[in-house]
Amino acid sequence: MEKGFNFRILIFWELVALLAGLLVFGAILWVFAPYTIVWYVLLFSLGSIYLFFASLYIPFYVCNLQVEVNSQVITVTSGAFIVRSRYQRRAQISVAARYHNLLAGLLGLCTLVLYSPGSTLIIPLLDIKKADEIACLIQKNHS
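In this report, we go over the structure that sits alongside the text. (Residues numbered from 1 in each chain as written. Predicted model: local features only at pLDDT ≥ 70, side-chain atom pairs only at ≥ 80, totals over all residues. Heavy atoms only, no water.)

Quick notes on the pattern of salt bridges
Condition: Each reported salt bridge corresponds to a side-chain nitrogen of Lys or Arg within 4 Å of a carboxyl oxygen of Asp or Glu. Only DSSP runs of H or I with at least four residues qualify as helices, and only runs of E with at least two residues qualify as strands; both kinds are numbered from the N terminus onward. When a residue's accessible area, from a 1.4 Å probe over protein chains only, is under 20% of the maximum for its type it is buried; when over 50% it is exposed; and in between it is partly exposed.
A full pass over the atoms with the stated rule returns two salt bridges. Across the pair Asp-127 and Arg-8 runs a salt bridge, and its minimum N-O distance is 2.3 Å. A residue pair is termed long-range when its members are at least 10 positions apart, and Asp-127 in strand β6 (residues 119-127) and Arg-8 in helix α1 (residues 7-31) qualify at 119 residues. Judged by relative accessible area, which is 15%, Asp-127 ranks as buried. Between Asp-132 and Arg-98 there is a salt bridge whose closest N-O contact spans 2.4 Å. A residue pair is termed long-range when its members are at least 10 positions apart, and Asp-132 in helix α4 (residues 128-142) and Arg-98 in strand β4 (residues 95-99) qualify at 34 residues. Since its relative accessible area comes to 35%, Arg-98 is described here as partly exposed.

A word on the nonpolar core
We apply this condition: Note on terminology: a nonpolar core comprises buried Ala, Val, Leu, Ile, Met, Phe, Trp, Tyr and Cys residues joined through side-chain atoms within 4.5 Å. Contact definition: two residues touch when any of their heavy atoms are within 4.5 Å.
Val-67, Ile-74, Leu-114, Ile-123, Leu-126 and Ile-134 are the most contacted members of the largest nonpolar core, which totals 14 residues. Only β1 (66-69), β2 (73-78), β5 (109-116), β6 and α4 provide two or more residues apiece to this core. In contact with Leu-114, other than residues within four places in its own chain, are Ile-74, Ile-93, Val-95, Ala-96, Ser-119, Thr-120, Leu-121, Ile-123 and Ile-138.

Description of the sheet that holds β6
What counts is decided by this rule: Paired strands are those between which DSSP finds at least two bridges. Where helices are involved, their axes are fitted lines through C-alpha atoms of the stretch in contact, as for all axes, and angles between N-to-C directions lie from 0 to 180°.
Spatial ordering of the open sheet is given by β4-β5-β6, a layout of three strands whose pairing is antiparallel. Looking along the sheet, the strands with just one partner apiece sit at the ends: β4 and β6. Averaged over all pairs of adjacent strands, the angle between strand axes in this sheet comes to 20°, irrespective of strand direction. Pairing geometry for β4 and β5, over five bridges, is antiparallel. Counterpart to Arg-98 in the pairing with β5 is Leu-112. Relative to β6, α1 is tilted by about 100°, and along the sheet it contacts β5 and β6.

Structure below.
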């Protein structure tokens, strides 16, 4: 099972970034006097940071997020510019838990957390169907 690019994950992170940007922009407008040097510097610097994350970092992160399940190992590959892989042996997994937050639930996404003695593997923002498939595969492994 290979997880490819999912537009719902991209929409989720872009909405989170937009909400955070609006909150910061509102705080700058409320705290600092408009049309001063400090106001312009803050808006320019935080606006450029927002543009970097919204246009480069988040899409790269979503493109590199992959989950691979084979008969012995679950592999999660993620990262935007530095890609890392995390492995968990299926035989050692004791509990699989699904977590939903409000926005991810509206988009049909959940986070799957796999617990085993000595480690925890977090698989962020999976389709609910894929999370159920992985949980069923783990449950079959223990039966």
